[in-house]
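What the coordinates show
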Amino acid sequence: MANVKFHAGESFPLEMHKVRIIQKLNLIPIEERLRAVKEAGNNTFLLKNRDVFMDMLTDSGVNAMSDRQLASMMEADDSYAGSETFSRLEKSVKNFFGVKHFLPAHQGRACENILSKIFVKEGSIVPMNYHFTTAKAHITINGGKVEEIIIDEGLKIRSSCPFKGNIDINKLNAIIRDHGAQNVAYVRMEAGTNLVGGQPFSLENLNDVSKICRSANIPLVLDASLLADNLYFVKTREESCKNMELREITRKFAEASDIIYFSARKLGFGRGGGICTNNEEYFLKIREMVPLFEGFLTYGGMSVREMEAIAVGLDETLDEDMISQGPIFIDYMVRELDKKGVPVITPAGGLGCHVDAKAFLDHIPQNQYPAGALAASYFIASGIRGMERGTLSEQRDENGNEPLSNMELLRLALPRRVFTLSQVNYAIDRMLWLYKNRKLVEGLRFVEEPKILRFFFGRLEPVSDWQDKVVAQFRKDFGDSL
Ligand SMILES: Cc1ncc(COP(=O)(O)O)c(C=O)c1O
């Protein structure tokens, strides 16, 4: 965001865009919110949007598009094969990353499916800074095992480390030594590490990982879905990159990687995805898979309108005013909650504000899903839906045991350019109220537990009548307020 100082010495985010289309929101009374969360099995994924006031579930496919993106969608050239739209998208992606080949896919997990099918075999190891739910599911379904080798600081809730998403180089060397390079399918580096608070890696760390991978002949795969946030942090936090253009930094990320994939629901503010590489052998292998799983090579499951929007969105990702909006709003929310003692991940990362449910609800055992309980109770208190990112989002191991997550987080995503500062202040206010009344909140238990990606559609119930108590306290404190 532009360098603007304020007369009174305060500091707050200033939007460098204006709103020209709006959508009306509903804030239903707390009794209705309780009904809605019960109907949703206490799983915020199962809430109906008509019952939600602020949707902070995710930034996936819900960022606000620019006027240029919307205009471009009107010019889409609809053709199964060889559309002008695809040529524009291809040119935009190649120009953005400086790569030779681009293959389209309908979203990020489709890329993960293809890459896992090609590279992962029974017994393969896939080291990565940290897993993402769908990336891990595709690797394990193909017989591989994920090894998380993020630096120790990355798993600390409170920290001043600017690059908590870095890979620990010693751990990477040890894995290659212990398992043998031939058993490492690839190394996956995730930009803006989603599940540990949207934390970035540094360009220096990516280059170090790349050198090791190249000398061991192991492909380095960059998950660039959250690249925009990571780019912003590299530009503002990494001394050697301060004077570099965003394009130059992006190109350096690409040069260090052998394969790049991304969800364009995040990168490019559209709905789609794709895989890039300069390597001919990988390109040919991936190309075989695209028509099989995604669609013909010139659309890969995406609509032409979305492809046009992504082409423009990538271009706009190189504008610092655009990509700073998320991190600066998130930083504001994190700082305000932190000042008042609410446990949050620091430093603020990308993607959203992450509340530490283990500390917030330290009276709830992890097998009663404190982050899930926090998501449900926060919805009751505010009408805001966040996402559980803790033990519920884990999957059971091959023996049916439930691994307890390293972190129990309630993620409050800030879809870019969607919420105003007063809405963010409302979100902060209701979180402060809930924190004051946190002892009322108790745990959850499953009533329906799907085997794969259970957090998406599993259903839970409260272990007691604690939710009624939250509603009663709200009425006592706020009277007839919504
Ligand atoms: C880091 C990361 N990788 C991959 C994905 C999967 O992308 P998609 O939701 O488009 O399938 C996501 C989605 O949230 C993500 O955050």
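The structure under discussion appears in the preceding block.
Every chain begins its residue count from 1, and numbering advances along the sequence as written. Where local features are concerned, this predicted model is filtered to residues with pLDDT of at least 70; where side-chain atom pairs are given and counted, the filter is 80 or more; whole-chain, interface and lining totals use all residues.

With respect to the overall build of the chain
Heads up, the rule is: Secondary structure follows DSSP: runs of H or I at least 4 residues long count as helices, runs of E at least 2 residues long count as strands, and numbering of each begins at the N terminus. Computation of the radius of gyration draws on C-alpha atoms alone. For the globule rule, the value is 2.2 Å times the number of residues to the power 0.38. Working definition of burial: number of other C-beta atoms within 10 Å of the residue's own, with buried at 20 or more, exposed at 12 or fewer, and partly exposed in between, all C-beta atoms being placed from the backbone.
Each helix and strand counted, the chain has 17 helices and 14 strands in total. Taken over C-alpha atoms, the radius of gyration comes to 22 Å for the chain, in line with the 23 Å a tight globule of 482 residues would show. Its C-alpha atoms put the chain at 65 × 55 × 45 Å along the principal axes. In the chain, which comprises 482 residues, the share counted as buried stands at 49%.

Observations concerning the nonpolar core
Stated precisely, the cut-off is as follows: Joining buried Ala, Val, Leu, Ile, Met, Phe, Trp, Tyr and Cys residues through C-beta atoms within 7 Å gives a set, and that set is a nonpolar core. Domain delimitation in this document rests on an assignment produced automatically or drawn from a domain database. Two residues form a contact once the distance between their C-beta atoms, set from the backbone, is within 7 Å.
The biggest cluster of nonpolar side chains holds 138 residues, and the ones touching the most others in it are Val187, Met333, Val355 and Leu374. A total of 9 residues in this core trace back to one element, the largest contributor, which is helix 14 (residues 370–382). The residues that make up this core include at least three from each of domain 1 (30–59 + 321–478) and domain 2 (67–316). Not counting chain neighbours up to four residues away, the residues in contact with valine 187 comprise Pro127, Met128, Leu172, Val209, Cys213, Ile218, Leu220 and Val221.

Quick word on the pairing of strand 3 (residues 125–128)
Here is the key point about a regular strand: its side chains alternate between the two faces of the sheet. Put simply, the rule is: The pairing criterion for strands is at least two bridges between them, as found by DSSP. Seen with the strands pointing away from the viewer, any crossover whose path from the first strand over the helix to the second strand runs clockwise is right-handed.
Burial along strand 3 is two-sided: Ile125 and Pro127 facing one way and Val126 and Met128 facing the other are all buried. Bridge count between strand 3 and strand 4 (residues 145–148): 4 bridges; the pairing is parallel. By the bridge assignment for strand 4, isoleucine 125 is matched with lysine 145. Between the parallel pair strand 3 and strand 4, the chain is carried across by helix 5 (residues 133–141), and the sense of this crossover is right-handed.

What about the packing of helix 8 (residues 227–237) against helix 12 (residues 320–339)?
To keep things clear, this is the line we draw: To obtain an axis, a line is fitted to C-alpha atoms, over the contacting stretch when the element is a helix, and the angle between two such axes runs from 0 to 180 degrees between their N-to-C directions. Reported orientations rely on four angle classes, namely roughly parallel under 35 degrees, roughly antiparallel over 145, roughly perpendicular from 65 to 115, and oblique for the rest. Three classes are used: nonpolar for Ala, Val, Leu, Ile, Met, Phe, Trp, Tyr, Cys and Pro, charged for Asp, Glu, Lys and Arg, and polar for all others, with Gly counted as polar.
The geometry of helix 8 relative to helix 12 is characterised by a closest axis approach of 9 Å and an angle of 90° between their N-to-C directions. Of the possible angle classes, the one that applies to helix 8 and helix 12 is roughly perpendicular. Contacts between helix 8 and helix 12 involve Ala228, Asp229, Leu231, Tyr232 and Phe233 from the former and Ile323, Ser324, Gly326 and Pro327 from the latter. In terms of residue class, the contact of helix 8 with helix 12 is made up of 6 nonpolar, 2 polar and 1 charged.

Some words on the environment of methionine 74
Looking at the element boundaries, methionine 74 is found in the loop between helix 2 (67–73) and helix 3 (84–97). For the pair methionine 74 and aspartate 465, spaced 391 residues apart in sequence, the C-alpha to C-alpha distance is 52 Å.

Describing the sheet that holds strand 11 (residues 387–389)
Reading across the sheet, the 3 strands line up as 9-12-11 and stay open at both edges, with antiparallel pairing between neighbours. Each of the sheet's edge strands pairs with one partner strand only, and the pair in question is strand 9 (352–356) and strand 11. Going across the sheet, the axis of each strand differs from the next one's by a mean of 30°, ignoring polarity. Bridge count for strand 11 against strand 12 (residues 409–413) is 3 bridges, and the pairing is antiparallel. Each bridged residue has a counterpart across the sheet, and for arginine 389 the counterpart in strand 12 is leucine 409.

Structural notes on helix 4 (residues 108–119)
Where we set the bar: Multiplying 1.5 Å by the helix residue count minus one yields the expected span of that helix.
In this model, helix 4 (12 residues) spans 17 Å end to end at C-alpha, consistent with the 16 Å of a helix rising 1.5 Å per residue. Within helix 4, 9 of the 12 residues are buried, leaving the element largely enclosed by the surrounding structure. Those residues of helix 4 that are buried are in contact with strand 2 (101–105), helix 5, strand 6 (220–223), strand 7 (259–263), strand 8 (273–277) and helix 10 (280–293).

Structural notes on the site of the ligand
Cut-off, in case you're wondering: Near, as applied to residues and a molecule or strand, means the residue's backbone-placed C-beta atom lies within 6 Å of it.
What surrounds the ligand is a group of 15 residues, the closest being Gln107, Gly108, Arg109, Ser225 and Ser263. Contributing elements (two or more residues each) for the shell around the ligand: helix 4 and helix 5. Of the residues contributing to the shell around the ligand, the split by class is 3 nonpolar, 8 polar and 4 charged.

As for the environment of alanine 375
In this structure, alanine 375 sits in helix 14. C-alpha of alanine 375 to C-alpha of alanine 359: the two residues are 16 residues apart in sequence and 14 Å apart in space.

Re the pairing of strand 7
Among the 5 residues in strand 7, 5 count as buried, and that is most of the element. Here strand 7 shows a buried face lined by Ile259, Tyr261 and Ser263 and a second buried face lined by Ile260 and Phe262. Here strand 6 pairs with strand 7 via 3 bridges, running parallel. When the bridges of strand 7 are listed, leucine 222 appears paired with isoleucine 260. As paired elements, strand 7 and strand 8 share 5 bridges and run antiparallel to each other. Paired with isoleucine 259 across the bridge in strand 8 is threonine 277.

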